[in-house]
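Residue strings, one per chain:
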Amino acid sequence: MAQSEWDRVEAEREELAARAERYANLGLGIHAELLRAGGPVPPSLTNRPIIVDTDIGGDPDDAVAMVAAALTVPELKLVVTGDEIGGERARFARYLLDLCGRPDVVVVAGRQLREGAYFTASGLVPDSVASADTDVLRMAEAACADGGLVRWVGMGPLSNLADVLDVRPRLARSFVLTQMGGAVRYRDPSRAEHNIRLDPQAARDVLAIISRPRFVTSDVTFTAEIEIDARSGLYRRFAAPGAPAWAEVLRAHFDQWFARYHPGSMQHDALTLSAALQLPFVDFHMRRIAFDSAGRMTVGDGKEVFLSRKAAYAPFLHWLERGLSASTVRTPQSHKPPH
């Protein structure tokens, strides 16, 4: 081999090794393995639009994650609400986004799944906040208008994404899905994890069509290490004198949750958001999974996915606390709500 050719090969090898280490340091161990094996190079998601799909208004972790996105992620384009309650989840999302200085982010009310879904943001939204649009498909298509990749961050059931892909299956090539949900060893083996069991068929449909989704499972998120309760520093900051208006609303939301359901809220969804942002807190490995008719996850056969295996909780909480201390992000001048 001529020296120039040798130098080229060596340079390519060093570039590949450098990329592999970069992905390994981001917690994307399987991406590093793929690179060391010669590819394919994972796509860059930097600056790509983000859609948050959330059942906000139940467990406060959804609201915390959405506020963190609003304050730190200029690429946040669209919030879709799932397991809706007559549009009240969407109105709550709209109100919080406005308090965060993000009127540019569009909110659309998604599918209502059941009667009696829990809601712990009662009385927090002024009557002046209008009902949201309900055309999820049109708004999702608008977010995909430039033809590039779009990050879909699932924080609730997969119903809305399943509905979009049922009508526009070609959009499956655009969406990079990071979903909070599923469990390899769920704490109640007779049931599926909450987000998946709310609409098991939607989870099965999405799994069949989306390429290599990331699942941040409750095996990793269900831990007191990322729980906010009334003694937590973050909660005390929400209640501190001079806290921003959105923080006062979050505190009231937490108080309703504490009074009615549980004395703490584990930050499942903010951890999932961090994974969608390719931050180095959740580590994944590649596995084949399937969902049964009840939504229980099995590993070994089925569709190839990135499955969470561990997380660095203390650095994640540090990132979340910093994000919730941020002032409103400066959105690009070209950023406009889809119509």
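Conventions used here
Residues numbered from 1 in each chain as written. Predicted model: local features only at pLDDT ≥ 70, side-chain atom pairs only at ≥ 80, totals over all residues. Heavy atoms only, no water. Core = buried A, V, L, I, M, F, W, Y, C linked by side-chain atoms within 4.5 Å. Buried < 20%, exposed > 50% of the residue type's maximum accessible area, 1.4 Å probe, protein only. Phe/Tyr/Trp six-rings, centres within 6.5 Å; stacked < 30°, edge-to-face > 60°. Helix = DSSP H or I, 4+ residues; strand = E, 2+ residues; numbered from the N terminus. Salt bridge = Lys/Arg side-chain N within 4 Å of Asp/Glu carboxyl O. Lys, Arg positive; Asp, Glu negative; His and termini not counted. Polar contact = N/O pair within 3.5 Å; in protein donor to acceptor, adjacent residues only side chain to side chain. Contact = heavy atoms within 4.5 Å. 1 Å grid on protein atoms, 1.4 Å probe; cavity = no way out; pocket = protein on both sides within 12 Å on 5 of 7 lines; lining within 4 Å. Points joined across faces, edges and corners; volume = space filled by probe spheres on them. pLDDT = per-residue confidence, 0-100.

### So, the nonpolar core
Val79, Phe92, Leu96, Trp246, Leu271, Leu320 and Leu324 are the most contacted members of the largest nonpolar core, which has 64 residues in total. Listed in part, the 33 residues of the second largest apolar core include Val80, Met139, Ala143 and Leu158.

### A few points about the packing of aromatic side chains
Counted under the stated rule, the structure contains 13 aromatic pairs. When the centroid spacing of 5.2 Å and the interplanar angle of 50 degrees are considered together, the rings of tyrosine 118 and tyrosine 261 count as tilted. Here the residue tyrosine 118 occupies a position in the loop between β3 (106-109) and α5 (136-143), and tyrosine 261 occupies one in the loop between α11 (245-260) and β8 (264-266), the gap between them amounting to 143 residues. Owing to a relative accessible area of 24%, tyrosine 118 belongs among the partly exposed residues under this scheme. Tyrosine 261 sits in the partly exposed class, given a relative accessible area of 39%. A ring pair is formed by phenylalanine 238 and phenylalanine 254, whose centres lie 5.9 Å apart and whose planes are at 35 degrees; its orientation type is tilted. With phenylalanine 238 in helix α10 (residues 233-238) and phenylalanine 254 in helix α11, this residue pair connects regions lying 16 residues apart in the sequence.

### Examining the pattern of salt bridges
Counting across every chain of the model gives 18 salt bridges. Arginine 309 is the salt-bridge partner of aspartate 283, the closest N and O atoms lying 3.1 Å from each other. Residue aspartate 283 is found in strand β9 (residues 282-291), and its partner arginine 309 is found in strand β11 (residues 303-311); the two are separated by 26 residues along the sequence. One salt bridge connects arginine 296 with aspartate 292, and the closest N-O pair in it is separated by 2.8 Å. Taking the relative accessible area as the measure of exposure, arginine 296 reaches 32% and is therefore partly exposed. With relative accessibility at 24%, the residue aspartate 292 sits in the partly exposed group. Each member of the salt-bridge network shares a partner with another, and the members are Asp83, Arg89 and Arg114.

### Topic: unusual backbone geometry
Within the chain, aspartate 83 stands out as a residue other than glycine whose phi angle is a positive 50 degrees. Looking at the element boundaries, aspartate 83 is found in the loop between β2 (76-81) and α4 (88-99). Of note, the phi angle at glutamine 278 is positive, near 60 degrees, even though the residue is not glycine. The residue glutamine 278 is located in the loop between α12 (268-276) and β9 in this model. Glutamine 278 sits in the buried class, given a relative accessible area of 13%.

### Comments concerning the side chain of aspartate 59
Assignment of secondary structure puts aspartate 59 in the loop between β1 (50-54) and α3 (61-72). For the buried aspartate 59, no salt bridge exists, and the shortest N-O distance to an oppositely charged side chain is 8.3 Å, to arginine 187. Only 2.5 Å separates the side chain of aspartate 59 from the side chain of serine 265, close enough to count as a polar contact. Every residue in contact with aspartate 59, bar those within four places of it in the chain, is listed here: Tyr118, His253, Trp257 and Ser265.

### As for the environment of serine 308
The residue serine 308 is located in strand β11 in this model. In this structure, serine 308 is in contact with Phe215, Val216, Thr217, Val220, Val282, Asp283, Phe284 and His285, ignoring residues within four places of it in sequence.

### Concerning the layout of surface pockets
Computed from the structure, the largest pocket encloses a volume of approximately 510 Å³. For the lining of the largest pocket, the secondary structure elements donating two or more residues are α3, α7 (194-197), β8 and α12.

### Details of the side chain of glutamate 84
Looking at the element boundaries, glutamate 84 is found in the loop between β2 and α4. The buried charged residue glutamate 84 lacks any salt bridge partner; its closest oppositely charged side chain belongs to arginine 89, at an N-O distance of 5.2 Å. Here threonine 81 takes part through its side chain, which lies 2.7 Å from a polar atom of the side chain of glutamate 84. Contacts of glutamate 84, omitting those with residues within four sequence positions, involve Arg89, Ala90, Ala109, Gly110, Arg111 and Gln112.

### Side note on the confidence of the model for the protein chain
Looking at the protein chain as a whole, the pLDDT averages 89, with 83% of positions reaching at least 70. Across residues 332-339 the pLDDT falls below 50, and counting only partners more than four positions away or on other chains, this stretch makes 11 contacts in the model.

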